[in-house]
Amino acid sequence: MELLYKPWPWYLAGPVIGLTVPLLLWMGNKRLGISSSLRHICAACLPAKIPLFSYDWKKELWSLFFAGGLLLGGIIGGLIFANPDPVAISSKTIEYLSSIGVSQHAGLMPTEIYNWENLISLKGFIVMIVGGFFVGFGTRYAQGCTSGHGILGLSALQWPSLVATASFFVGGILFSRFVLPFILSL
Amino acid sequence: MKNLGYLFVGIVFGLALTKGEAISWYRIQEMFRLESFHMFGIFMTAVPIGAISIYLLTKFRVKTLEGHPIEKPKKHFHPGIIIGGIIFGFGWALTGACPGPLYAQIGSGTIVTIATLLAALLGTWVFGRIQHWLPGFN
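Values in this document were obtained by computation on a predicted structure and should not be read as measured data. (Residues numbered from 1 in each chain as written. Chains lettered and ligands numbered in written order. Predicted model: local features only at pLDDT ≥ 70, side-chain atom pairs only at ≥ 80, totals over all residues.)

1. What about the overall build of chain A?
Stated formally: Think of it this way: any DSSP run of H or I at least four residues long counts as a helix, any run of E at least two long counts as a strand, and we number them from the N terminus. Once C-beta atoms are placed from the backbone, each residue is buried if 20 or more other C-beta atoms lie within 10 Å of its own, exposed if 12 or fewer, and partly exposed for counts between those two. Whether two residues are in contact depends on their C-beta atoms, placed from the backbone: they are in contact if these lie within 7 Å.
Counting its secondary structure elements, chain A contains nine helices and zero strands. When the elements of chain A are put in sequence order from the N terminus, they spell out α-α-α-α-α-α-α-α-α. Principal axes of the C-alpha set define a box for chain A whose edges measure 50 × 45 × 35 Å. Relative to its 186 residues, chain A shows a buried fraction of 51%. Counting only contacts in chain A whose residues sit at least 6 apart along the sequence, the fraction spanning at least 24 positions is 49%.

2. Section: the overall build of chain B
When you go through chain B residue by residue, the secondary structure sums to six helices and zero strands. Ordered by position in the sequence, the α and β elements of chain B form the string α-α-α-α-α-α. By principal-axis analysis of the C-alpha atoms, chain B measures approximately 45 × 40 × 35 Å. Within chain B, the proportion of its 138 residues that are buried is 56%. Long-range pairs, those at least 24 residues apart, make up 45% of the contacts in chain B with a sequence separation of at least 6.

3. Some words on the interface of chain A and chain B
For the record, the criterion: When residues are sorted by character, Ala, Val, Leu, Ile, Met, Phe, Trp, Tyr, Cys and Pro go into the nonpolar class, Asp, Glu, Lys and Arg into the charged class, and all the rest, Gly among them, into the polar class.
Contact residues are listed per partner, giving 111 residues for chain A and 104 residues for chain B. Of all the elements in the fold, those that place two or more residues in the side of chain A that touches chain B are α2 (10–28), α3 (35–45), α4 (61–80), α5 (91–99), α6 (122–141), α7 (146–155) and α8 (159–178) of chain A. Top contributing element to the side of chain A that touches chain B by residue count: α2(A), with 18 residues. In terms of residue class, the side of chain A that touches chain B is made up of 71 nonpolar, 36 polar and four charged.

4. Description of unusual backbone geometry
Residue and element names in this part refer to chain A. Residues other than glycine seldom take positive phi values, yet Lys49 does so here, at roughly 60°. If you trace the backbone, Lys49 turns up in the loop between α3 and α4. In this structure, Gln143 is a non-glycine residue whose phi angle is positive, near 55°. When you line up the elements, Gln143 lands in the loop between α6 and α7. For Gln143, a count of 24 C-beta atoms within 10 Å corresponds to the buried category.

5. Notes on the confidence of the model for chain B
Under the convention used in this document: pLDDT measures how confident the predictor is about each residue, on a scale from 0 to 100.
Counting all residues, the mean pLDDT for chain B is 95, and 99% of those residues have values of 70 or more. Confidence estimates for the predicted assembly give a pTM of 0.96 and an ipTM of 0.96.

6. Some points on the environment of Val127(A)
Residue position: Val127(A) is located in helix α6. For Val127(A) and Gln158(A), which are 31 residues apart along the polypeptide, the C-alpha to C-alpha distance reads 32 Å.

7. A short note on the environment of Val87(A)
Within the secondary structure layout, Val87(A) lies in the loop between α4 and α5. For Val87(A) and Leu157(A), which are 70 residues apart along the polypeptide, the C-alpha to C-alpha distance reads 32 Å. What Val87(A) contacts, discounting residues up to four positions off in sequence, is Leu108(A), Glu21(B), Ser24(B), Tyr26(B) and Arg27(B).

8. Some points on α3(A)
Of all 11 residues in α3(A), nine are buried; the element is thus mostly enclosed. Buried residues along α3(A) sit in contact with α4, α6 and α7 of chain A together with α5 (99–107) and α6 (113–130) of chain B.

9. Topic: the packing of α5(B) against α6(B)
All names here are of chain B. Short version of the rule: Fitting a line to C-alpha atoms yields each axis, with helices limited to the stretch in contact; the angle taken between N-to-C directions then spans 0 to 180 degrees. Every angle not falling under 35 degrees, over 145, or within 65 to 115 is termed oblique; those three ranges are roughly parallel, roughly antiparallel and roughly perpendicular. Left-handed is the label given to a crossing in which the near helix is rotated counterclockwise from the far helix by less than a right angle, and right-handed is the label when the rotation is clockwise.
Where α5 meets α6, the closest approach of the two axes is 9 Å, and the angle between their N-to-C directions is 150°. Relative to α6, the element α5 lies roughly antiparallel. Note that α5 runs across α6; the crossing there is left-handed. Residues Pro99, Leu102, Gln105 and Ile106 of α5 form the contact with α6, whose own contacting residues are Thr113, Ile114, Thr116, Leu117 and Ala120.

10. Focus on the packing of α6(A) against α6(B)
Closest axis-to-axis distance for the α6(A)/α6(B) pair is 6 Å, and the angle between their directions is 40°. What the angle tells us is that α6(A) and α6(B) run oblique. When the axes of α6(A) and α6(B) are compared, the crossing they make is right-handed. Touching Met128(A), Ile129(A), Gly131(A), Gly132(A), Phe133(A), Phe134(A), Val135(A), Gly136(A), Phe137(A), Arg140(A) and Tyr141(A) of α6(A) are Ala115(B), Thr116(B), Leu117(B), Ala119(B), Ala120(B), Leu121(B), Leu122(B), Gly123(B), Thr124(B), Val126(B) and Phe127(B), all from α6(B).

11. Remarks on helix α3 (residues 38–59) of chain B
Note the cut-off: Any helix carries an expected span of 1.5 Å times its number of residues minus one.
With 22 residues, α3(B) ought to run about 32 Å at 1.5 Å a step, and its terminal C-alpha atoms sit 32 Å apart, in line with that. Listing the buried residues of α3(B) in full gives His38(B), Met39(B), Ile42(B), Phe43(B), Ala46(B), Val47(B), Ile49(B), Gly50(B), Ser53(B) and Ile54(B). Looking at the packing, one finds that the buried side of α3(B) touches α2 and α7 of chain A together with α2 (25–32) of chain B. Looking one or two places after α3(B), you find Arg61(B), whose phi comes out positive at around 45°.

12. Some words on the environment of Ser147(A)
With respect to the secondary-structure elements, Ser147(A) resides in helix α7. Here Ser147(A) falls in the buried class, since 27 other C-beta atoms lie within 10 Å of it. Linking Ser147(A) and Ile17(A), residues 130 residues apart in sequence, is a C-alpha distance of 9.2 Å. Contacts of Ser147(A), omitting those with residues within four sequence positions, involve Leu32(A), Gly33(A), Ile34(A), Leu152(A) and Gly100(B).

Here it is in structure tokens:
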């Protein structure tokens, strides 16, 4: 039983993630990708005659079911069978985070940043809202995210996906090195 | 009914992301600071397994459940891959989330991530609204 609460090592999580690629193709030529679900929700809720959102989103309903599955997977793995211990990140990262005022507790997310009151603070607004905006804007502009380019595109040996994945990491590494410390210290 | 199958694959994918801690803000900070192998280990096992699977599916001309030929996914290059990719990288570093983990973060009990998901929807919508003024689409 205790095993159910333990986090998975990379050599278990990685292969399971990789196997969803052929599974979705086999089930109905579906391409792994989640940023497209954001597009479908826009098309369903507020198309506003924008060409990007003017299509029959009901044909892409599978993508929303898949996203619903992600939510349920989060409930099962992160709530019902939640790991009672803090995430085992490296001591260097713990040291860095505490130096800018982010302490680590049990759970996957830093609750001192991720809470409702913080949404109206400058730090919380930048992390949660501006950050979310960048995720939605950037993935749509890049026509894919970590799963669509980083897993599926690379698996299909598509060089544009290699450029995309490299860009994700260049953006993330530069931002976390030069900008994020100032935001988190706010 | 078929959609329930996709729901199930989504659950497995979400479970792997959550239990593999790929949805953890802490893990993403650690990854971008290159201070652990964990996240890179996930990519470096997921991608070869996906690649070998696609190779085998096409080599043996496996048909889909409905009997259609499997189409190899193609991705085309345009400037947004780089510009949008970098903008997404900023967002990933801030939120510790790509679109998939956003859903799983909400499920795992950080309910306030709903606000981040709504912001991501707004970002997607604004992109659609202004894309004709952006490099790569005009």
